[in-house]
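# Observations on the three-dimensional arrangement
So the chains spell out like this:
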Amino acid sequence: MQRCCTIVARRASHRALSSKTLSHVDATKGLPRMVDVSNKTTTTRKAIARCRVVFPRDAWDTLTESGFAGKKGPVLATAVVAGVQGAKRTSELIPFCHPVALDACDVAFEEDAEQRALEVTCAVATTHRTGVEMEALSGCSVAALAVYDMTKALSHSIVVEDLRLVEKTGGKSDYSE
């Protein structure tokens, strides 16, 4: 088994082939690092992430008939709390994310009866020197995982899929899918 630093250093030497660089990798040593944001401008930054939770037919039918209430309690209300908590604690989960005070975090669900799925959306905002893409992605994924946890008694064939950044504004560049 190769050591992590050896692999990272070898891969860092290949980075010169690309015009883009990884901001969390020290260019001289090839080791991970936290980006210095001290010289960045404080601006309003927003991000939206989405994913889907897809259910087998029997599980979907049971959930929709119950109004998304399970043995553990209200599924969607619990998932909202989990998603907000996940967004707030992103820097504890992702090693090089800066701790960011969130100004807003909204977790929402949209039913797709035809696909037997919930579309999970997490929208996050802050006024800071770094973006909140990871907070939106973390919040979205934790909300989806909470849905899974609350409903797994119905089926273990529930699938969480298609986690993605939908939009980001503020900072150096904006993005929209």
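To start, this report covers the structure provided alongside it. Positions within a chain are numbered from 1, following the residues in the order the chain's sequence is written. Two thresholds apply to this predicted model, a pLDDT of at least 70 for residue-level local features and 80 or more for giving and counting side-chain atom pairs, whereas whole-chain, interface and lining totals are computed over all residues. Side-chain figures throughout are based on the complete set of non-hydrogen atoms in the structure, without hydrogens or water.

### Some words on the overall build of the protein chain
Comment: elements are numbered from the N terminus, with helices defined as DSSP H or I runs of at least four residues and strands as E runs of at least two. From N to C terminus, the protein chain includes 5 helices and 7 strands. Traced from its N-terminal end to its C-terminal end, the protein chain shows the element sequence α-β-α-β-β-α-α-β-β-α-β-β. Here's how the labels work: a residue is buried when its accessible area is under 20% of the maximum for its type, exposed when over 50%, partly exposed in between, all with a 1.4 Å probe on protein chains only. For the protein chain, buried positions account for 34% of its 177 residues. Residue contacts are defined here by distance: any two heavy atoms, one from each residue, within 4.5 Å place the two residues in contact. Relative to all contacts within the protein chain whose residues are 6 or more apart in sequence, the contacts with residues 24 or more apart total 69%. As presented, the protein chain carries roughly 10600 Å² of accessible surface, and 53% of it is formed by carbon and sulfur atoms. Computed with a 1.4 Å probe, the accessible areas rest on the Shrake-Rupley method; for each residue, only the protein chains presented here act as cover.

### Focus: the pairing of strand 1 (residues 43–54)
Looking at chain direction, strand 1 and strand 5 (residues 117–128) are connected through 12 bridges and run antiparallel. What sits directly across from Thr-44, in strand 5, is Thr-127. Between any two strands, at least two bridges found by DSSP are needed for them to pair.

### Regarding the side chain of Arg-45
Here Arg-45 is to be found in strand 1. The side chain of Arg-45 is buried and forms no salt bridge, while Glu-133, the nearest opposite charge, is found at 6.4 Å. Of the polar contacts made by the side chain of Arg-45, one reaches the backbone oxygen of His-128; its length is 2.8 Å. In protein, a polar contact requires one atom able to donate a hydrogen and another able to accept it; more generally it is a pair of N or O atoms within 3.5 Å, and residues adjacent in sequence count only if both atoms are side-chain atoms. In terms of polar contacts, Arg-45 uses its side chain to reach the backbone carbonyl oxygen of Arg-129, at 3.3 Å. Not counting residues up to four positions away in its chain, the partners in contact with Arg-45 are Val-124, Ala-125, Thr-126, His-128, Arg-129, Thr-130, Gly-131, Val-132, Thr-169, Gly-170 and Gly-171. As used throughout, the charge tally considers Lys and Arg to be positive and Asp and Glu to be negative, leaving His and the chain termini uncounted. We define a salt bridge as a side-chain nitrogen of Lys or Arg found within 4 Å of a carboxyl oxygen belonging to Asp or Glu.

### Some details on a nonpolar patch on the surface
Like-charged residues are merged into a patch within 9 Å and nonpolar side chains (Val, Leu, Ile, Met, Phe, Trp, Tyr) within 5 Å, provided each residue has over 30% relative accessible area and no salt bridge. Judged by side-chain polarity, Leu-93, Ile-94 and Met-134 come together as a nonpolar surface patch covering roughly 240 Å² of accessible area. The residue Leu-93 is located in helix 4 (residues 90–93) in this model. By relative accessible area, Leu-93 is classed as exposed at 55%.

### Notes on the sheet that holds strand 1
On the basis of which strands lie adjacent, the open sheet formed by 5 strands has the order 4-5-1-6-7 and antiparallel pairing. Edge positions in the open sheet fall to strand 4 (104–112) and strand 7 (175–176), since each of these has one partner strand only. Sheet topology places strand 4 next to strand 5; 9 bridges connect them, and they run antiparallel. Directly across from Ala-108, in strand 5, lies its bridge partner Thr-121. Running at roughly 25 degrees to strand 1, helix 5 (residues 133–151) makes contact with strand 1, strand 4, strand 5 and strand 6 (159–169) of the sheet. Angular values range over 0 to 180 degrees, each being the angle between N-to-C directions of two axes fitted as lines to C-alpha atoms, with helices fitted over their stretch in contact.

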